[in-house]
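Remarks on the overall topology
The primary structure of each chain is shown beneath.
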Amino acid sequence: MPDTAMPSVLFVCVHNAGRSQMAAAFLTHLAGARVQVRSAGSAPADTVNPAVVEAMAEVGIDIAAEVPKVLTVEAVQASDVVITMGCGDTCPVFPGKRYLDWQLPDPAGQGVEAVRPIRDEIEKRIRDLADEIAPVS
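A brief report on the enclosed structure follows.

A closer look at the overall build of the protein
- On a plain count of helices and strands, the protein comes out with 4 helices and 4 strands.
- Walking the protein from its N terminus toward its C terminus, one meets helices and strands in the order β-α-β-α-α-β-β-α.
- Its C-alpha radius of gyration of 14 Å places the protein within 12% of the 14 Å reference for a compact globule of 137 residues.
- Projected onto its principal axes, the C-alpha positions of the protein cover 40 × 35 × 25 Å.
- Here the protein, with 137 residues, has 42% of them falling under the buried criterion.
- When the accessible area of the protein is evaluated, it comes to approximately 6,900 Å², of which 53% is carbon and sulfur surface.
- Taken together, the 11 basic and 18 acidic charged side chains of the protein have centroids lying 3 Å from each other.

So, the pattern of salt bridges
- For the coordinates displayed, the defined rule picks out 8 salt bridges.
- Arg 116 serves as the salt-bridge partner of Glu 58, at 2.7 Å between the closest nitrogen and oxygen. Within this pair, whereas Glu 58 is found in helix α2 (residues 50-58), its partner Arg 116 is found in helix α4 (residues 112-133), the two being separated by 58 residues in sequence.
- Taking the relative accessible area as the measure of exposure, Glu 58 reaches 38% and is therefore partly exposed.

A closer look at the environment of Ala 25
- Along the polypeptide, Ala 25 turns up in helix α1 (residues 19-31).
- For Ala 25, a relative accessible area of 13% corresponds to the buried category.
- Through-space distance from the C-alpha of Ala 25 to that of Asp 62 is 8.3 Å; in sequence the pair is 37 residues apart.

Side note on α2
- Of the positions making up α2, those classed as buried are Ala 51, Val 52, Val 53, Ala 55 and Met 56.
- In this fold, the buried residues of α2 make contact with α1 and α4.
- Sitting at the amino-terminal end of α2 is Asn 49, which places a side-chain oxygen 2.8 Å from the backbone nitrogen of Ala 51.
- The positive-phi residue at the C-terminal boundary of α2 is Gly 60, with phi of around 80 degrees.

Calculation notes
Residues numbered from 1 in each chain as written. Predicted model: local features only at pLDDT ≥ 70, side-chain atom pairs only at ≥ 80, totals over all residues. Heavy atoms only, no water. Helix = DSSP H or I, 4+ residues; strand = E, 2+ residues; numbered from the N terminus. Rg over C-alpha atoms; globule rule 2.2 N^0.38 Å. Buried < 20%, exposed > 50% of the residue type's maximum accessible area, 1.4 Å probe, protein only. Areas by Shrake-Rupley, 256 points an atom, 1.4 Å probe, with all protein chains shown as cover. Lys, Arg positive; Asp, Glu negative; His and termini not counted. Charge placed at Lys NZ, Arg CZ, Asp CG, Glu CD. Salt bridge = Lys/Arg side-chain N within 4 Å of Asp/Glu carboxyl O. Contact = heavy atoms within 4.5 Å. Polar contact = N/O pair within 3.5 Å; in protein donor to acceptor, adjacent residues only side chain to side chain.

Structure below.
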């Protein structure tokens with residue numbers, strides 16, 4: 001990836017209703033226009049998990065208007081970094097992409113108390129990722 005190119009990151013989980021939504025929101029919040037951010041799910045839910053929306057609101061990030069999106073081959077092809085969080089073998093693999101698999105608990109069906117530690121771990125990983133791929137000049 002040339003130094004002048006804006007890096008692009010795709011976050012993928014099964015329902016695109018929890019982990020991938022939190023990760024995308026944190027990276028957008030922290031890196032802003034320095035990174036193109038996408039999220040998707042292999043079997044998207046109808047809505048974002050309300051406990052995830054609440055947990056993110058607690059740290060000042062509003063994802064209430066987000067909608068789960070279906071994972072497409074085009075989204076993977078358009079991304080430099082693909083981070084999976086439990087999507088298993090359904091994520092297509094293409095040469096030249098960087099793939100990371102983040103093992104994180106699924107917040108589906110959990111209350112906000114259970115979501116907070118997942119949120120906090122995602123934030124730590126996103127801060128490290130942002131420092132690596134889109135450092136502040």
